[in-house]
Protein chains: 2
Amino acid sequence: MASDENKARRRRQIAEAVWRLAARDGLEAVTLRQVADEAGVSMRLVQYYFGNRTTLLLAALEILNEEAEAAAQQRIGALGSDIPARELVRAILMELLPLDEDRRRRYVVQSAYFVRFLTDPQLQEVARTADPALESLLASILTADPTIESDDTFADAELLIAFAFGLQAEMLLNQLDEPHALRLLDRTLNRILGNPH
Amino acid sequence: MASDENKARRRRQIAEAVWRLAARDGLEAVTLRQVADEAGVSMRLVQYYFGNRTTLLLAALEILNEEAEAAAQQRIGALGSDIPARELVRAILMELLPLDEDRRRRYVVQSAYFVRFLTDPQLQEVARTADPALESLLASILTADPTIESDDTFADAELLIAFAFGLQAEMLLNQLDEPHALRLLDRTLNRILGNPH
């Protein structure tokens, strides 16, 4: 029997195959057979680790999101614990932007999932009931800072996140380059949280 | 030879087939053959009207966008010409939200295109060099209103549009319902353009 570490490695190997297929050809036509071929493993192994096609697609997305969160926490943790709320919020929103190859690849894969979430009822239910964890996190940071004036920090968190997702899409399309996107991000933070100066 | 009207009807019939296939199965696997079958016409006719696959996909998107613009202009025109800048900007941003079945269907199709725009170099070039016409329109409305304080109306237009695209995505995923989305839209307008009261 495989060790836990081996299992995790296998699962990641298969998830990576899903991500590559999603970014290249979309998720519509992806079959267990293709994932097995792309990962270089047997179809039985894919089924053993992930079950059917829907549970595979969801698990591959979950692994993608977990890795994104780990990378984000590492980058944000490196900023130290005593930075101002505004800087922390800025850093969290920047995690949603394709500012390096890793994040760009990840958001292309998420875009491929996005379309499926719109048309597959099972996936749609997962999206609809998703926990607004990011909104809650931002709202709690804003609430904790007495220098930030807001009558509704949760609503401010929601609109900042919607804005960052819009920026993400425009950056993925190369309609905004990084300096331009960051100027807009700072302008929005000034408008919503007040000017830091 | 077909009349201009017949030609337009034929072109729309074929474009509609592309939209249905895009919303149902994504654009990755769409072939001229499938489009012809879906539209109930011959493949030669599809080629006669649209050329190859890439020119067909682009033309079908163009027709979609033209219809969206016509519908938007009609709804906005119905508001009359003497409404305040803020109301006009609000109405334009609302056109980006899936507030009826027509717009929802349209934005699902656009989402299917979005993924292809990220991975197909020819399509990507089209997106990258797209005219920021909507930003310019919003900016000119903001600039014309002396009650709106802004040192950079174009940047405000850009961030409002990015925000509306983010709202659109969250509404498509059913993470925000219409009243909630409109509350966030009004909050953002208050924050960026000042409170109307």
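The numbering scheme is per chain: residues are counted from 1 as the chain's sequence reads. In the order they appear in the text, chains get letters beginning with A and ligands get numbers beginning with 1. In keeping with the model being predicted, local features are shown solely for residues with a pLDDT of at least 70 and side-chain atom pairs are shown and tallied solely at 80 or more, while totals for entire chains, interfaces and linings include all residues. Values shown for side chains rest on all heavy atoms present in the structure; no hydrogens or waters enter the calculation.

## Details of the relation of the copies chain A and chain B
Part 1 of the argument: Least squares is used to superpose the copies, and the fit set is the C-alpha atoms of residues whose pLDDT is at least 70 in both copies. Under the fitted operation, chain A is carried onto chain B by 0.0 Å of movement along the axis and a turn of 180 degrees, and the coordinates agree to an RMSD of 0.0 Å. In short, the pair behaves as if placed about a two-fold rotation axis.
Part 2 of the argument: Residues are treated as being in contact if the distance between any of their heavy atoms lies within 4.5 Å. Taken together, the interface assignments show that 100% of the residues at the interface of chain A recur at the interface of chain B, consistent with an identical surface on both copies.

## Some points on the interface of chain A and chain B
Part 1 of the argument: The interface is formed by 46 residues belonging to chain A together with 46 residues belonging to chain B.
Part 2 of the argument: When two parts are brought into contact, each loses some accessible area as probed by a 1.4 Å sphere; the total of that loss over both is the buried area. Interface area lost by chain A to chain B is led by Leu 173, Arg 187 and Arg 191 of chain A, which between them contribute 17%.
Part 3 of the argument: We define a salt bridge as a contact between a side-chain nitrogen of Lys or Arg and a carboxyl oxygen of Asp or Glu at a distance within 4 Å. Applying the counting rule to chain A against chain B returns 6 salt bridges.
Part 4 of the argument: Across the pair Asp 156 of chain A and Arg 191 of chain B runs a salt bridge, and its minimum N-O distance is 2.5 Å.
Part 5 of the argument: Here a polar contact is recorded for every N or O atom pair within 3.5 Å, except that within protein the pair must consist of a potential hydrogen donor and a potential acceptor, and residues adjacent in sequence are included only if both atoms are side-chain atoms. Inspection of the chain A/chain B interface yields 14 residue pairs in polar contact (both at pLDDT 80 or more).
Part 6 of the argument: Only DSSP runs of H or I with at least four residues qualify as helices, and only runs of E with at least two residues qualify as strands; both kinds are numbered from the N terminus onward. Only α1 (4–25), α6 (101–119), α7 (121–128), α9 (153–172) and α10 (178–193) of chain A provide two or more residues apiece to the side of chain A that touches chain B.
Part 7 of the argument: It is α9 of chain A that provides the largest number of residues to the side of chain A that touches chain B, a total of 13 residues.

## What to know about the environment of Leu 167 of chain B
Part 1 of the argument: By secondary structure assignment, the location of Leu 167 of chain B is in helix α9 (residues 153–172).
Part 2 of the argument: On the basis of relative accessibility, which here comes to 0%, the residue Leu 167 of chain B falls in the buried class.
Part 3 of the argument: In this structure, the C-alpha to C-alpha distance between Leu 167 of chain B and Ala 78 of chain B, residues 89 residues apart in sequence, is 24 Å.
Part 4 of the argument: Beyond its immediate stretch of four places on either side in the chain, Leu 167 of chain B contacts Ala 162 of chain A together with Leu 97, Leu 176, Ala 181, Leu 184 and Leu 185 of chain B. Only protein chains enter the accessibility calculation, which uses a 1.4 Å probe; a residue is then buried when its area is under 20% of its type maximum, exposed when over 50%, and partly exposed in between.

## Let's talk about the UniProt feature "DNA-binding region" (unreviewed entry) in chain A
Part 1 of the argument: UniProt positions are given in the numbering used here, feature names are shortened, and annotations may be inferred rather than shown by experiment. Summarizing the sequence annotation, UniProt attributes the feature "DNA-binding region" (unreviewed entry) to residues 31–50 of chain A in the numbering used throughout.
Part 2 of the argument: A helix fraction of 80% and a strand fraction of 0% characterise residues 31–50 of chain A, whose end C-alpha atoms lie 13 Å from each other.

## Some words on the pattern of salt bridges
Part 1 of the argument: Scanning all chains against the criterion turns up 32 salt bridges over all chains.
Part 2 of the argument: With a shortest N-O distance of 1.7 Å, Arg 12 of chain A and Glu 16 of chain A are connected by a salt bridge. Of the two residues, Arg 12 of chain A and Glu 16 of chain A are both situated in helix α1; the distance of 4 residues between them amounts to about one turn of the helix.
Part 3 of the argument: Looking at Arg 12 of chain A, the relative accessible area reads 30%, which means it is partly exposed.
Part 4 of the argument: Given a relative accessible area of 28%, Glu 16 of chain A falls into the partly exposed group.
Part 5 of the argument: Between Arg 187 of chain B and Asp 151 of chain A there is a salt bridge, with the nearest N and O atoms lying 2.9 Å from each other. Taken together, the residues Arg 187 of chain B in helix α10 (residues 178–193) and Asp 151 of chain A in the loop between α8 (133–144) and α9 connect one chain to another.
Part 6 of the argument: Exposure remark for Arg 187 of chain B: the relative accessible area of 15% places this residue in the buried category.
Part 7 of the argument: With a relative accessible area of 70%, Asp 151 of chain A lands in the exposed category.
Part 8 of the argument: Residues participating in the shared-partner salt-bridge network are Arg 75, Glu 95, Asp 100 and Arg 103 of chain A.

## Description of α7 of chain A
Part 1 of the argument: For α7 of chain A, every residue scored as buried is listed here: Leu 123, Gln 124 and Ala 127 of chain A. In a view along the axis of α7 of chain A, the buried residues occupy a sector of 105 degrees, so they form one face of it. Away from its buried face, by an angle of more than 90 degrees, α7 of chain A presents the exposed residues Pro 121 and Gln 122 of chain A.
Part 2 of the argument: As for α7 of chain A, its buried residues are in contact with α4 (53–77) and α6 of chain A together with α9 of chain B. Throughout, the arc means that of the directions going from the helix axis to the C-beta atoms.

## Describing the packing of α1 of chain A against α6 of chain A
All names here are of chain A.
Part 1 of the argument: Following both chains from N to C, one finds α1 and α6 inclined at 75 degrees, their axes separated by 8 Å at the closest point. Between α1 and α6, the angle falls in the class roughly perpendicular. Touching Val 18, Trp 19, Ala 22 and Ala 23 of α1 are Val 108, Val 109, Ala 112 and Tyr 113, all from α6.
Part 2 of the argument: All residues other than Ala, Val, Leu, Ile, Met, Phe, Trp, Tyr, Cys, Pro, Asp, Glu, Lys and Arg, Gly among them, are scored as polar; the first ten of these are nonpolar and the last four charged. A class-by-class count of the residues in the contact of α1 with α6 yields 8 nonpolar, no polar and no charged. Axis definition: a line fitted to C-alpha atoms, limited for helices to the stretch in contact. Angles are taken between N-to-C directions and run from 0 to 180 degrees. With respect to orientation, any angle under 35 degrees is reported as roughly parallel, any angle over 145 as roughly antiparallel, any angle of 65 to 115 as roughly perpendicular, and every other angle as oblique.

## Things to note about the environment of Asp 145 of chain B
Residue and element names in this part refer to chain B.
Part 1 of the argument: Take Asp 145: it is sitting in the loop between α8 (133–144) and α9.
Part 2 of the argument: Measuring from C-alpha to C-alpha, the distance between Asp 145 and Leu 96 comes to 22 Å, with 49 residues separating the pair along the chain.
Part 3 of the argument: A polar atom in the side chain of Asp 145 sits 2.6 Å from the side chain of Thr 147.

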